[in-house]
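# Geometric and topological summary
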Amino acid sequence: MGGAGATCCSRRPVRRRWLGGKMAAVSLRLGDLVWGKLGRYPPWPGKIVNPPKDLKKPRGKKCFFVKFFGTEDHAWIKVEQLKPYHAHKEEMIKINKGKRFQQAVDAVEEFLRRAKGKDQDLTIPESSTVKGMMAGPMATFKWQPTASEPVKDADPHFHHFLLSQTEKPAVCYQAITKKLKICEEETGSTSIQAADSTAVNGSITPTDKKIGFLGLGLMGSGIVSNLLKMGHTVTVWNRTAEKEGARLGRTPAEVVSTCDITFACVSDPKAAKDLVLGPSGVLQGIRPGKCYVDMSTVDADTVTELAQVIVSRGGRFLEAPVSGNQQLSNDGMLVILAAGDRGLYEDCSSCFQAMGKTSFFLGEVGNAAKMMLIVNMVQGSFMATIAEGLTLAQVTGQSQQTLLDILNQGQLASIFLDQKCQNILQGNFKPDFYLKYIQKDLRLAIALGDAVNHPTPMAAAANEVYKRAKALDQSDNDMSAVYRAYIH
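None of these values were measured; they are calculated from a predicted model.

Our focus in this paragraph is the pattern of salt bridges. A complete count under the given rule lists 14 salt bridges for this structure. Between Glu-109 and Lys-89 there is a salt bridge, with the nearest N and O atoms lying 3.0 Å from each other. Of this pair, Glu-109 sits in helix α2 (residues 99–115) while Lys-89 is found in helix α1 (residues 89–95), placing the two residues 20 residues apart along the sequence. The partner of Glu-110 in a salt bridge is Arg-113, with the nearest N and O atoms 3.0 Å apart. A residue pair is termed a helical-turn pair when its members lie 3 or 4 positions apart in one helix, as Glu-110 and Arg-113 do in helix α2 at three residues.

A few words now on helix α13 (residues 367–395). Given a rise of 1.5 Å per residue, 29 residues ought to cover 42 Å, and the 42 Å separating the end C-alpha atoms of α13 matches this to within 8%. A positive backbone phi angle near 80° is found at Gly-397, which sits one or two residues after α13.

A positive phi angle is found at Asn-453, which is not glycine, with a value near 55°. In this structure, Asn-453 sits in the loop between α16 (435–451) and α17 (457–471). Look at Asn-453 and you get exposed, because its relative accessible area is 71%. Although it is not a glycine, Asp-473 adopts a positive phi angle of roughly 65°. Within the element layout of this structure, Asp-473 appears in the loop between α17 and α18 (484–487).

Here the focus is the environment of Ala-338. Inspection of the secondary structure puts Ala-338 in strand β19 (residues 334–340). Once the C-alpha coordinates of Ala-338 and Gly-366 are considered, the two residues, 28 residues apart in sequence, prove to be 9.4 Å apart. Here Ala-338 is in contact with Leu-318, Glu-319, Ala-320, Tyr-345, Phe-360, Phe-361, Leu-362, Gly-363 and Ala-368, once residues within four sequence places are set aside.

Once that is clear, we can look at the side chain of Asn-325. By secondary structure assignment, the location of Asn-325 is in the loop between β18 (322–323) and α10 (326–331). By relative accessible area, Asn-325 is classed as buried at 11%. For Asn-325, the side chain forms a polar contact with the main-chain nitrogen of Gln-327, separated by 3.2 Å. A distance of 2.9 Å separates a polar atom in the side chain of Asn-325 from the backbone nitrogen of Leu-328. Dropping the residues within four chain positions of it, Asn-325 is found in contact with Met-219, Leu-334, Gln-419, Asp-432 and Phe-433.

Let's shift gears to the layout of surface pockets. Counted as a void, the largest pocket has a volume near 1,100 Å³. Together, 34 residues line the largest pocket, and Gly-324, Asn-325, Leu-328, Gln-379 and Phe-416 are the ones closest to its centre. Elements supplying a minimum of two residues to the lining of the largest pocket: α10, β19, β20 (356–361), α13 and α15 (415–426). Counted by class, the lining of the largest pocket contains 15 nonpolar, twelve polar and seven charged residues. Shared between two domains, the lining of the largest pocket holds at least three residues of each, these being domain 2 (191–365) and domain 3 (371–485). Taken together, 32 residues form the lining of the second largest pocket, with Gly-217, Cys-265, Val-266, Ser-267 and Tyr-437 sitting closest to its centre.

Before going further, it helps to examine the packing of aromatic side chains. Inspection of the entire model under this criterion finds eleven aromatic pairs. Judged by centre distance (6.2 Å) and plane angle (45°), the rings of Tyr-292 and Phe-317 are tilted. Placement of the pair is Tyr-292 in strand β16 (residues 291–294) and Phe-317 in strand β17 (residues 316–319), with a sequence separation of 25 residues. Its relative accessible area of 1% is what places Tyr-292 among the buried residues. Ring-pair connections join several aromatic residues into one group, and the members of that group are Phe-213, Phe-263, Tyr-345, Phe-352 and Phe-361.

Attention now moves to the packing of α13 against α17. At a minimum axis distance of 9 Å, the contact between α13 and α17 shows a crossing angle of 60°. Comparing the axis directions of α13 and α17 gives the class oblique. α13 and α17 meet at a crossing whose hand is left-handed. On α17, the residues touching Met-377, Gly-380, Ser-381, Met-383 and Ala-384 of α13 are Met-458, Ala-459, Ala-462 and Tyr-466. Residues that form the contact of α13 with α17 fall into these classes: seven nonpolar, two polar and no charged.

Calculation rules
Residues numbered from 1 in each chain as written. Predicted model: local features only at pLDDT ≥ 70, side-chain atom pairs only at ≥ 80, totals over all residues. Heavy atoms only, no water. Salt bridge = Lys/Arg side-chain N within 4 Å of Asp/Glu carboxyl O. Helix = DSSP H or I, 4+ residues; strand = E, 2+ residues; numbered from the N terminus. Expected span 1.5 Å × (residues − 1). Buried < 20%, exposed > 50% of the residue type's maximum accessible area, 1.4 Å probe, protein only. Contact = heavy atoms within 4.5 Å. Polar contact = N/O pair within 3.5 Å; in protein donor to acceptor, adjacent residues only side chain to side chain. 1 Å grid on protein atoms, 1.4 Å probe; cavity = no way out; pocket = protein on both sides within 12 Å on 5 of 7 lines; lining within 4 Å. Points joined across faces, edges and corners; volume = space filled by probe spheres on them. Nonpolar A, V, L, I, M, F, W, Y, C, P; charged D, E, K, R; others polar. Domains from an automatic or database assignment. Phe/Tyr/Trp six-rings, centres within 6.5 Å; stacked < 30°, edge-to-face > 60°. Axes fitted to C-alpha atoms, helices over the stretch in contact; angles between N-to-C directions. Parallel < 35°, antiparallel > 145°, perpendicular 65-115°, else oblique. Left-handed = near helix turned anticlockwise from the far one by under 90°.

Set out below in structure tokens:
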């Protein structure tokens, strides 16, 4: 791209419509101050800057690369989601009253004061009070413009991600781009991603809706902690424990009746059904407009049944099982797979940002359950293979630690691999993901395959090993305790 003052996308004025305004021809250039917005995220002040040189050229919609004030976020923003800063300053200030927003505006004004009288392109100042506070207007990664190449429309699918710089401002863009993941489902699913938990969780504007949460197990407890941490009002119910900082509901029905959106995360299909259909259950609290989000990992038939009874009472339903473990739950880095009511998915935006790094919308009810079982089938089978490899190394006189070192230097290297191998080498099977639950998921995945006459021999073999581990009283240990099925 050219230097300051060069046209970023096209030399022709860009036409755009935003926030109900009239269509107008606006010429945007590199260095311009703008308001950037995408989807449900609030408008935010920023500056059009050069993108990193080694960033792959995205295909698609007309866009500019924007650096946002009062935060260290950068993002590709479609031109129709941009407005000139000065012309719309009063309008934006009227519709955004938050403290963080005001701090961002103050940062713009400070930038302008510094730039006054200088004929040079100043760097946006690092906010001293807000660092990584904003989950950012989510970027639409479709096409990387250059100074000489005109913008062309492309396919309608969008990659959504947050490009967040967590290093000091002096760190180059190349370090940022290594953190990116770009996800797209051909079926039209949406992936909302962030580079790290600090970027996601540091700046959430919590919904004003009252949130309920049922089930404070390994996953639920961490989820609720992050909802509270990010300013949500949460009422909880659990069979055995309370949650500090949250309001306590006496029954599931009471929580649902007093909250706008109620989440639930329980262990299996039976527990999910009992929670909804049992005495003082969720269904008794459902009235028209009440929302229920089931985050349990269950089969598609179960979640479809629950959706039908909730909707029959005038409620709204979303399934949203999560991929992750206790540590990822505590860190707010879960992966959320959602399906069902798309409007409800949008309404859950701030909650999903608080609890996860990524959320996918997968279409109709049942799709998320199926996808979640497939994900856990792969994970469970991989864990059994890890345990099998470590025991084979041991019985053939090879060093298990050396095997891990070799794996960590190869294509299989991952946090999951390292953590689970460390569990085994240290004999520490404190549960991060219960063995009994991964075996349950394998069983349900095998049944899913049977329903469509699809063979799942690897999953079936892994399932037998987990059943053996359960017989050895490993159910309440971490899934890595499947190792013990090989040594007994």
